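Coordinate analysis (summary)
Residues per chain are reported as follows:
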Amino acid sequence: LGRPASLLPMRLGFLIAWVAAHAVYLLSPGLRRGIGDNMRHVLGWDADEAAVRRATRGVIVNTTKNYFELVRMPYTSLSDIEKMVTVHGWSHFEEAQSRGKGVILTTPHLGSFNVTVQILAARSVTTTIIVEAQEPQALMDHVTALRASKGRTVVAARPVALRTMVRCLRGG
């Protein structure tokens, strides 16, 4: 999927992702319920059902768009990533990095994590990323390979991840 997806203009790819997301929304009641329950926590228990449905649909649409960007990642140049991502406060990162220790960066679930984290590769920063473990293992392996395609080290959020991150931080 990655190579053909990389040939599509972003707007067309996002349109296809939007259509696919709405199909997933309609055809996956269990997924809808699970995300809807999470949205009730975010929006508040008094949120009306229409607002929960809109937010649930939005989560599925954005996730589908994020996966579209992820499958394109091996075919996206670092210079294109620089153009796609706007960084604010880079000097703070550089200052922290200059101390010779590792730096912990966290991100909210805004925008495409799979693209924004690659800005570190575009700027030649050695990076280890902790990500949610996925099942089945074959899916985890595939998604990890896509995320690591620009040289990032990707570690599943499992007990061993903490030791790996401490070792990386100590190593700078």
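Residues numbered from 1 in each chain as written. Predicted model: local features only at pLDDT ≥ 70, side-chain atom pairs only at ≥ 80, totals over all residues. Heavy atoms only, no water.

Once that is clear, we can look at the overall build of the chain. Secondary structure assignment for the chain yields ten helices and two strands. In sequence order, the secondary structure elements of the chain are arranged as α-α-α-α-α-α-α-α-β-α-β-α. Classification of the 172 residues of the chain by burial places 31% in the buried group. Once local pairs closer than 6 in sequence are excluded, the contacts in the chain between residues at least 24 apart make up 72%. As presented, the chain carries roughly 11,000 Å² of accessible surface, and 59% of it is formed by carbon and sulfur atoms. Both charge centroids of the chain, one from 21 positive and one from 12 negative side chains, sit 5 Å from each other. (Helix = DSSP H or I, 4+ residues; strand = E, 2+ residues; numbered from the N terminus. Buried < 20%, exposed > 50% of the residue type's maximum accessible area, 1.4 Å probe, protein only. Contact = heavy atoms within 4.5 Å. Areas by Shrake-Rupley, 256 points an atom, 1.4 Å probe, with all protein chains shown as cover. Lys, Arg positive; Asp, Glu negative; His and termini not counted. Charge placed at Lys NZ, Arg CZ, Asp CG, Glu CD.)

Attention now goes to helix 2 (residues 10–27). Compared with an ideal rise of 1.5 Å per residue, which puts 18 residues at 26 Å, helix 2 spans 25 Å between its outermost C-alpha atoms and is within 8% of the ideal. Turning to helix 2, its buried residues number three or more, namely Gly13, Ala17, Ala21, His22 and Tyr25. Buried positions along helix 2 lie against helix 3 (29–43) and helix 4 (49–72). (Expected span 1.5 Å × (residues − 1).)

Turning next to the pattern of salt bridges. This model, assessed by the stated rule, comprises five salt bridges. Of the charged contacts in the structure, one is a salt bridge between Lys83 and Asp80, with a shortest N-O distance of 3.8 Å. Of the two residues, Lys83 and Asp80 both sit in helix 5 (residues 78–84), three residues apart, roughly one turn of that helix. Overall, Lys83 belongs to the exposed group, its relative accessible area being 67%. (Salt bridge = Lys/Arg side-chain N within 4 Å of Asp/Glu carboxyl O.)

Quick look at a nonpolar patch on the surface now. A contiguous nonpolar patch, built from Leu12, Leu15, Ile16, Trp18 and Val19 and spanning about 460 Å² of accessible area, is present on the exposed surface. As for its position among the elements, Ile16 is in helix 2. A relative accessible area of 44% means that Ile16 is categorised as partly exposed. (Patch = residues over 30% accessible without salt bridge, like charges linked within 9 Å, V, L, I, M, F, W, Y side chains within 5 Å.)

A few words on the side chain of Arg147. Along the polypeptide, Arg147 turns up in helix 9 (residues 137–147). For the buried Arg147, no salt bridge is present, and the opposite-charge side chain at shortest range is Glu132, 7.1 Å distant. Polar side-chain contacts of Arg147 include one of 2.6 Å to the side chain of Asn114. (Polar contact = N/O pair within 3.5 Å; in protein donor to acceptor, adjacent residues only side chain to side chain.)

Bringing the packing of helix 3 against helix 4 into the picture now. At a minimum axis distance of 9 Å, the contact between helix 3 and helix 4 shows a crossing angle of 115°. Crossing of helix 3 against helix 4: the hand is right-handed. Within the contact between the two elements, helix 3 uses Leu31, Arg32, Ile35, Gly36, Met39, Arg40 and Leu43 and helix 4 uses Glu49, Ala51, Val52, Ala55, Thr56, Val59 and Ile60. (Axes fitted to C-alpha atoms, helices over the stretch in contact; angles between N-to-C directions. Left-handed = near helix turned anticlockwise from the far one by under 90°.)

Below, the discussion takes up the packing of helix 2 against helix 4. Each pair of packed helices gets described by two things: the angle between the helix axes and the distance between those axes. Helix 4 packs onto helix 2 with a crossing angle of 135° between their chain directions and a minimal axis gap of 8 Å. Relative to helix 4, the element helix 2 is oriented oblique. By crossing handedness, the relation of helix 2 to helix 4 is classed as right-handed. Seen from helix 2, the contacting residues are Met10, Gly13, Phe14, Ala17, Trp18, Ala20, Ala21, His22, Val24 and Tyr25; seen from helix 4, they are Arg53, Thr56, Arg57, Ile60, Val61, Thr64, Lys65, Phe68, Glu69 and Arg72. Residues that form the contact of helix 2 with helix 4 fall into these classes: eleven nonpolar, four polar and five charged. (Parallel < 35°, antiparallel > 145°, perpendicular 65-115°, else oblique. Nonpolar A, V, L, I, M, F, W, Y, C, P; charged D, E, K, R; others polar.)

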